[in-house]
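# A closer look at the structure
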Amino acid sequence: MEISYLIHTRTFSFDFNPNFMVRPKDWQPEHILWARRNVLLATSSIDTLVDGRYLIGTTPKGDYKIIGIADYLSNFVKHCNQDIKKQASKFLKDTHNRRTYAFIGIIIKGIEAINITNITKEFLFSIYMKQLDPIWYTNTNLNTIEIPFHNIDNLLSLNSLNPSQAISLPTLTLKNTKLYNQQFNPDLLHTYASSLKNNFVFSTDITSLKQIEKLFDYDSTYILSAPNNIISKLEDILLNENKPLDYSAETLKTDLPNPNNISGQIKSEREKKNLPIITTKNLPSIQKTLLPPTLIAVGLGSAILTALATIISLLI
């Protein structure tokens, strides 16, 4: 089995290197980008972790596999032997006396299954100490340490590690992400470590809703375990997406009077009361009070006839 290392951490004086403090030699930008995206998922909300977050994944082309743990270094050290503990104290705080954390993992070439019980916190932290010890107190800016792939046999799993019980279906499937409502399940971890399919990522105890939502834009399939409150919030998102479009706001908007159309408002109110509609076109004016010529002629003729009738009656 050919492996290299991937370590995302800081030193005593210098912050995290965006291209990793330690990574495989000759890695291409696409591999670095893929690894950064998923390691940042593993290190998100680090303060909420109880005892580490596992990350297992395979690149889209299947050429590399990643298996590692994100946690505070003090939690790694708790699982180490006494010799390592004696050497580890300097790594536990930075120059500002803050607790230090890291993602420590291995990158594997060309294998489909691995016995993850061999990848312990002690195994990973021993890698960390070997790589970081020479540079921990360095006062100059650091370049990425590139580690060539090399052979190692004690991680090889000829037979998949069978879980103690069948794995249930995910609690929730949302887009490209399947979620299990639990913080940590060794059987779930062993199952996915024993089946390193292309273009998938598995991570435990994800407590950042923001980080999960970012995954929806990626092509990989994500299998995550998460606490109940995160599952509930994601179920609400799914429920809202499945609702039919609500046009009530648009309907309400069309029924509201136009504040710039005052005459329209008056018309509406007067129509409701069955009153004559008043507009600028039928407002009274001097011209509109004059009688039409036809009515004027009829009126004059009637007056003349009345006068003639009176004169004839007097003559008789």
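Whatever comes next refers back to the structure up there.
Described below are features of the structure shown in this document.

### So, the pattern of salt bridges
Summed over the entire model, instances satisfying the criterion amount to 7 salt bridges. For aspartate 133, the salt bridge identified is with lysine 90, shortest N-O distance 2.5 Å. With aspartate 133 in the loop between α4 (121–132) and β6 (145–147) and lysine 90 in the loop between α3 (82–88) and β5 (101–109), this residue pair connects regions lying 43 residues apart in the sequence. As a salt-bridge pair, arginine 98 and aspartate 94 come within 2.8 Å of each other at their nearest N and O atoms. The class for aspartate 94 is buried, based on a relative accessible area of 5%.

### Side note on the environment of isoleucine 116
Inspection of the secondary structure puts isoleucine 116 in the loop between β5 and α4. Distance in space between the C-alpha atoms of isoleucine 116 and proline 186 is 9.9 Å, their sequence separation being 70 residues. Apart from the residues lying within four places of it in its own chain, the contact partners of isoleucine 116 are Tyr54, Ile56, Ile67, Leu189, His190 and Ala193.

### A few points about the packing of aromatic side chains
Applying the stated criterion to the full structure yields 10 aromatic pairs. Relative to phenylalanine 149, the ring of tyrosine 64 lies with its centre 5.6 Å away and its plane at 20°, an arrangement referred to as stacked. Here the residue tyrosine 64 occupies a position in strand β4 (residues 64–72), and phenylalanine 149 occupies one in the loop between β6 and β7 (150–151), the gap between them amounting to 85 residues. Residue tyrosine 64 is classed as buried on the basis of its relative accessible area of 12%. In this structure phenylalanine 149 comes out as buried when scored by relative accessible area, which is 16%. Taken together, the ring pairs connect Phe76, Phe91, Phe125, Tyr128 and Trp136 into an aromatic cluster.

Quick notes on the rules
- Residues numbered from 1 in each chain as written.
- Predicted model: local features only at pLDDT ≥ 70, side-chain atom pairs only at ≥ 80, totals over all residues.
- Heavy atoms only, no water.
- Salt bridge = Lys/Arg side-chain N within 4 Å of Asp/Glu carboxyl O.
- Helix = DSSP H or I, 4+ residues; strand = E, 2+ residues; numbered from the N terminus.
- Buried < 20%, exposed > 50% of the residue type's maximum accessible area, 1.4 Å probe, protein only.
- Contact = heavy atoms within 4.5 Å.
- Phe/Tyr/Trp six-rings, centres within 6.5 Å; stacked < 30°, edge-to-face > 60°.

So, to be careful, I would describe these as geometric facts and stop short of saying anything about function.
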